[in-house]
Amino acid sequence: PVRPVPQLLDGHSLYRRVTLTPSMCGHNYLFVAQVADWTWDTVSTTCGTDMYHEKNGSGLPTYLSFFYLRIFGGPAIQMHHFTFGDVIDVVTSAFNFGTESMLTLHRIARASGDGASPRPVDPFEFYERPDDSCLYVESLNRGTRRSRLASNEALVKSSPARIAASHLPVLPDRYAPGLSYD
């Protein structure tokens, strides 16, 4: 199947309707890897760059790597509830953490037929009033580069040179991921 073209909701959020394929299913790394793809697509689109080909100020390849990941859902939806062929609605909103880090919040729900327009992921909804019928993912990614060719050992902090994040909303301090991470 062709990957769906995401719809830009505003300057910091993307919406996509996705039919799950076997490579996206499961309660394990398969689904989490798909979330990473949605993160990279959102950052690329909202920050005016191509994270698949980004370079740092010295011209070395740089990419986003998971630093912190938190997944939670209500009783109606968990990662192990998905199977191939399911249709889901995914909204991903990016937040300004400077050029070294990117925070994205994902809201994942079974596809809706109600005709309602998708809306960005609001931090208040995400952290204080989550919808029990949605799965949520908080992803903090750091800009990194490899210190040795073809190895992910000893990654080095490295900001993408062309990333534009100043227009993204700033997450209120009370929702800082460090509070959960620590």
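Residues numbered from 1 in each chain as written. Predicted model: local features only at pLDDT ≥ 70, side-chain atom pairs only at ≥ 80, totals over all residues. Heavy atoms only, no water.

**Re the overall build of the protein**
Then, in step 1: Summing up its helical and strand segments, the protein has three helices and seven strands in all.
Then, in step 2: The helix and strand sequence of the protein, counted from the amino end, reads β-β-α-β-β-β-α-β-β-α.
Then, in step 3: Counting only C-alpha atoms, the protein reaches 50 × 35 × 30 Å along its principal axes.
Then, in step 4: In the protein, buried positions account for 45% of the 182 residues.
Then, in step 5: Taking all contacts inside the protein whose residues are at least 6 apart in sequence as the whole, residues at least 24 apart take part in 71%.
Then, in step 6: Looking at the protein as shown, the accessible area adds up to about 9,300 Å², and 55% of this sits on carbon and sulfur atoms.
Then, in step 7: For the protein, the distance from the average site of its 16 positive side-chain charges to the average site of its 18 negative ones is 6 Å. (Helix = DSSP H or I, 4+ residues; strand = E, 2+ residues; numbered from the N terminus. Buried < 20%, exposed > 50% of the residue type's maximum accessible area, 1.4 Å probe, protein only. Contact = heavy atoms within 4.5 Å. Areas by Shrake-Rupley, 256 points an atom, 1.4 Å probe, with all protein chains shown as cover. Lys, Arg positive; Asp, Glu negative; His and termini not counted. Charge placed at Lys NZ, Arg CZ, Asp CG, Glu CD.)

**With respect to unusual backbone geometry**
Then, in step 1: Unlike most non-glycine residues, alanine 150 shows phi in positive territory, near 65°.
Then, in step 2: Summarising the element assignment, alanine 150 is placed in the loop between strand E6 (134-145) and strand E7 (156-157).
Then, in step 3: At alanine 154, a residue that is not glycine, the phi angle is positive and equals roughly 60°.
Then, in step 4: Tracing the backbone through its elements, the reader meets alanine 154 in the loop between E6 and E7.

**Things to note about the nonpolar core**
Then, in step 1: Core analysis: the biggest nonpolar cluster contains 16 residues, and Phe31, Trp38, Phe82, Ile88 and Ile108 have the highest contact counts within it.
Then, in step 2: Among the elements of the structure, helix H1 (29-46), strand E4 (87-96) and E6 are those that each provide at least two residues to this core.
Then, in step 3: Top contributing element to this core by residue count: H1, with four residues.
Then, in step 4: Among all residues touching tryptophan 38, those that are not within four sequence positions of it are Arg16, Val18, Phe31, Ile88, Val90, Thr92, His106 and Ile108.
Then, in step 5: Grouped together as the second largest cluster of nonpolar side chains are 15 residues, Phe95, Leu105, Val121 and Tyr175 included. (Core = buried A, V, L, I, M, F, W, Y, C linked by side-chain atoms within 4.5 Å.)

**Things to note about the pattern of salt bridges**
Side-chain pairs of opposite charge can arise whenever the charged atoms involved come near each other.
Then, in step 1: By the definition in use, this model includes ten salt bridges.
Then, in step 2: Where arginine 17 meets aspartate 89, a salt bridge forms, and the shortest distance between an N and an O atom there is 2.7 Å. A residue pair is termed long-range when its members are at least 10 positions apart, and arginine 17 in strand E2 (residues 13-19) and aspartate 89 in strand E4 qualify at 72 residues.
Then, in step 3: Arginine 70 serves as the salt-bridge partner of glutamate 138, at 3.1 Å between the closest nitrogen and oxygen. Of this pair, glutamate 138 sits in strand E6 while arginine 70 sits in strand E3 (residues 63-73), and the two are 68 residues apart along the sequence.
Then, in step 4: Members of the salt-bridge network, linked through shared partners, are Glu100, Arg142 and Lys157. (Salt bridge = Lys/Arg side-chain N within 4 Å of Asp/Glu carboxyl O.)

This is a description of form; function is not addressed.
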